Amino acid sequence: MPSGPWGGLRTEEDSRAQGGLRVSTPGLHQFTCEQCGAILSYAPGTTELVCSYCGHRNQIAESPTEIVEQALDPALRLAGGEAPPTAEITAKCASCGADFAFKPPAFAGPCQFCGQPVVADPGPWRKIPPAGVLPFLIGAQEARRLVGDWLKGLWFAPSGIAEQARGPGRLHGVYLPYWTFDARTRTRYLGQRGDVYYETQYVDAVVDGRRVRQAVQVPKVRWRPASGQVARDFDDVLVLAGETLPPHLVEALEPWDLEGMRPYTPDYLGGFGAELYQIPVDRGFERGQAVMRETIAVDVRADIGGDQQIIQRMEVDHDRPTYKHVLLPVWVAAFTFIGRQYRFVVNGRTGEVHGERPWSFWKIAGAVTLTIVLLLLLAFLFSQADSLQGSLRAIQ
Ligand SMILES: [Zn+2]
Ligand SMILES: [Zn+2]
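Residues numbered from 1 in each chain as written. Chains lettered and ligands numbered in written order. Predicted model: local features only at pLDDT ≥ 70, side-chain atom pairs only at ≥ 80, totals over all residues. Heavy atoms only, no water.

Novice: Could you give an account of the overall build of the protein, naming the residues involved and the relevant values?
Specialist: Along the backbone of the protein there are seven helices and 17 strands. Sorting the 396 residues of the protein into buried and exposed places 42% on the buried side. Considering only contacts in the protein between residues 6 or more positions apart, those separated by 24 or more positions represent 70%. Surface summary for the protein: the accessible area is close to 21500 Å², and the carbon and sulfur share equals 54%. (Helix = DSSP H or I, 4+ residues; strand = E, 2+ residues; numbered from the N terminus. Buried < 20%, exposed > 50% of the residue type's maximum accessible area, 1.4 Å probe, protein only. Contact = heavy atoms within 4.5 Å. Areas by Shrake-Rupley, 256 points an atom, 1.4 Å probe, with all protein chains shown as cover.)

Structure follows, in structure tokens:
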């Protein structure tokens with residue numbers, strides 16, 4: 001007999017599995033309230049799953065294992081060149097009994113029929129399972145307010161857009177896949193060091209109507225070969241492992257407070273979307289190495305010294321690199337404004353907002369018109385002043 005908003009199907013397995021335990025088909029997680037049996041969602045900023053029906057809060061049982069960095073080399077052998085996920089993950093909702101499927105790369109989200117949260121096991125679909133998850137701190141309401149405030153603070157944004165963004169819907173929380181890499185690096189480099197010196201040159205000039213020779217100091221650069229070695233340890237170099245959002249949009253949400261990372265448990269995903277990684281670990285490491293190289297190049301320039309530097313070659317040696325696969329929380333808002341779609345992302349931990357901003361044609365046109373009018377006015381005033389001076393001189 002159904003006794004909650006979930007209605008319908010209740011199997012024997014369900015009643016056995018109450019109190020935050022796994023229900024539904026193998027490989028799927030739905031979390032039931034220990035008080036009323038309804039399905040739970042993770043409450044951002046807590047370590048609890050909250051029941052939307054009776055309001056009861058259920059403590060998340062965390063795994064006591066620590067998140068450890070894994071050696072990269074075995075992972076490259078195991079999962080290098082792994083193709084992006086293409087299979088749909090089929091699910092049977094324990095709440096309404098409906099069958100549905102997650103479109104790749106999604107592995108968590110609402111049941112498409114009753115909206116109750118379902119989390120699939122990422123394990124069977126990817127060779128490297130998530131080791132850690134950074135749980136949402138910021139809830140939907142606050143994220144919506146932050147996006148609204150951000151839009152309001154934009155110059156030349158169309159009026160009314162902030163209200164539109166604050167409206168219901170259009171915002172969803174998703175855990176995005178990332179790689180993080182650690183490495184101790186040693187780099188041998190070859191380059192050139194440039195020191196600026198001044199040479200005195202003589203030029204002809206006219207001073208008070210007379211031709212004179214003047215001495216001027218001209219800067220020149222003396223180049224000398226430079227070589228040496230620098231060392232740097234990298235900790236948690238982040239690389240986005242998903243492709244559903246453009247990297248420039250998501251990378252702007254850095255830095256992340258990775259200290260808040262919890263060992264992976266599906267509980268934190270309840271009520272949110274989550275994505276399997278699409279970029280395999282080897283491509284991720286290539287990107288991570290490029291990020292490290294940028295920092296190393298700064299070190300090399302400092303090591304070369306002088307006023308200017310040229311780096312001709314850098315041989316970077318990564319000593320025993322390690323990695324982790326983690327999930328980071330992002331609110332994504334999208335809405336269409338005058339036929340174009342705009343996306344905003346909010347860091348689910350810090351509240352930092354970043355987005356593709358809309359521009360108001362009329363506000364910009366108004367500002368441009370005003371500027372032109374002011375410039376014309378100034379030009380007119382100057383010409384008036386000039387002609388006034390001209391007539392004064394004529395009088396004299
Ligand atoms: Zn309940
Ligand atoms: Zn359902």
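Structure shown, so let's carry the discussion forward.
Novice: Can you explain the side chain of R349? Please cite residues and give values.
Specialist: With respect to the helices, strands and loops of the structure, R349 is situated in the loop between β16 (340–347) and β17 (353–355). Reaching out from R349, the side chain makes a polar contact with the backbone oxygen of P135 at a distance of 2.9 Å. Not counting chain neighbours up to four residues away, the residues in contact with R349 comprise L134, P135, L137, I138, W256, D257, G260 and P329. (Polar contact = N/O pair within 3.5 Å; in protein donor to acceptor, adjacent residues only side chain to side chain.)

Novice: Outline the coordination of the zinc ion (ligand 1), listing residues and values.
Specialist: Protein coordination at the zinc ion (ligand 1): the donors are C33 (SG), C36 (SG), C51 (SG) and C54 (SG), at 2.3 to 2.4 Å from the metal. Of note, the zinc ion (ligand 1) draws all its donor residues from one chain, in the sequence arrangement C-x2-C-x14-C-x2-C. With a gap of 18 residues between them, C33 in the loop between β1 (28–29) and β2 (40–42) and C51 in strand β3 (residues 48–51) connect regions that are remote in the sequence. (Donors = N, O, S within 2.8 Å, 3.2 Å for Na, K, Ca; no water.)

Novice: Can you explain a nonpolar patch on the surface? Please cite residues and give values.
Specialist: On the surface, a nonpolar cluster with roughly 860 Å² of combined accessible area is contributed by L370, L374, L375, L377, L378, F380, L381 and F382. Among the secondary structure elements, L381 is positioned in helix α7 (residues 361–395). (Patch = residues over 30% accessible without salt bridge, like charges linked within 9 Å, V, L, I, M, F, W, Y side chains within 5 Å. Salt bridge = Lys/Arg side-chain N within 4 Å of Asp/Glu carboxyl O.)

Novice: How would you summarise the coordination of the zinc ion (ligand 2) if you had to cite specific residues and measurements?
Specialist: The coordination sphere of the zinc ion (ligand 2) contains the protein donors C93 (SG), C96 (SG), C111 (SG) and C114 (SG), at a distance range of 2.3 Å. For the zinc ion (ligand 2), the four donor atoms in the first shell make angles of 106 to 114° at the metal, so the coordination geometry reads as tetrahedral. When the donor residues of the zinc ion (ligand 2) are listed from N- to C-terminus, their spacing reads C-x2-C-x14-C-x2-C. Separated by 18 residues along the polypeptide, C93 in the loop between β6 (89–92) and β7 (99–102) and C111 in the loop between β8 (106–110) and β9 (117–120) bring together distant segments of the chain. For the pair formed by C93 and C111, the shared burial category is buried. (Tetrahedral: all angles 85-135°; square planar, octahedral: opposite > 155°, others 65-115°.)

Novice: Describe the sheet that holds strand β4 (residues 57–59), and please don't skip the residues or the numbers.
Specialist: Strands sit in the order β2-β3-β4 across an open sheet of three strands; the sheet is antiparallel. Each edge of the open sheet is held by one strand with a lone partner, namely β2 and β4. Averaged over all pairs of adjacent strands, the angle between their axes in this sheet comes to 35°, without regard to strand direction. Summarising the sheet, β2 and β3 pair through three bridges and their orientation is antiparallel. Each bridged residue has a counterpart across the sheet, and for Y42 the counterpart in β3 is L49. (Pairing = 2+ DSSP bridges. Axes fitted to C-alpha atoms, helices over the stretch in contact; angles between N-to-C directions.)

Novice: Please give an account of the side chain of T185 that cites residues and values.
Specialist: Within the secondary structure, T185 sits in strand β11 (residues 171–207). For T185, the side chain forms a polar contact with the main-chain oxygen of R232, separated by 2.8 Å. Not counting residues within four places of it along the chain, the set of residues in contact with T185 comprises V230, A231, R232, D233, F234, M292, I296, V316, D317 and H318.

Novice: Lay out the environment of D121 with the relevant residues and their values.
Specialist: Among the secondary structure elements, D121 is positioned in the loop between β9 and β10 (132–133). Residue classification places D121 among the partly exposed residues on the basis of a relative accessible area of 30%. For the pair D121 and G27, spaced 94 residues apart in sequence, the C-alpha separation works out to 5.0 Å. Not counting residues within four places of it along the chain, the set of residues in contact with D121 comprises G27 and H29.

Novice: Can you tell me about the confidence of the model for the protein, naming the residues and giving the values?
Specialist: Across the protein, pLDDT averages 86, with 86% of residues at or above 70. In this model, residues 1–24 is a region of pLDDT below 50 whose contacts with residues beyond four sequence positions or in other chains number 47 contacts. (pLDDT = per-residue confidence, 0-100.)

Novice: Just give me the short version of the nonpolar core, but keep the residues and values in it.
Specialist: Soluble globular proteins tend to bury their nonpolar side chains together. Judged by nonpolar contacts, the single largest core of 45 residues is most densely connected at Y42, F107, Y175, L269 and W331. Looking at which element gives the most residues to this core, the answer is strand β15 (residues 308–337), with five residues. For L269, the residues in contact, after removing those within four places along its chain, are F107, V119, V133, Y175, Y264, A274 and L327. L72, A75, A226 and Y277 belong to the second largest nonpolar core, which has 24 residues in total. (Core = buried A, V, L, I, M, F, W, Y, C linked by side-chain atoms within 4.5 Å.)

Novice: For the packing of aromatic side chains, give the residues involved together with the corresponding values.
Specialist: Counted by the stated rule, this structure contains 13 aromatic pairs. Ring plane angle 80° and centroid distance 5.8 Å describe the contact between Y175 and F272, whose orientation is recorded as edge-to-face. A residue pair is termed long-range when its members are at least 10 positions apart, and Y175 in strand β11 and F272 in the loop between β13 (262–263) and β14 (273–275) qualify at 97 residues. Overall, Y175 belongs to the buried group, its relative accessible area being 0%. Feature note: the residues Y42, F136, Y175, Y268, F272 and W331 constitute an aromatic cluster, connected by ring pairs. The ring centre of Y277 lies 4.8 Å from the NZ or CZ of R126, which sits over that ring. (Phe/Tyr/Trp six-rings, centres within 6.5 Å; stacked < 30°, edge-to-face > 60°. Lys NZ or Arg CZ within 6 Å of the ring centre and 35° of its normal.)

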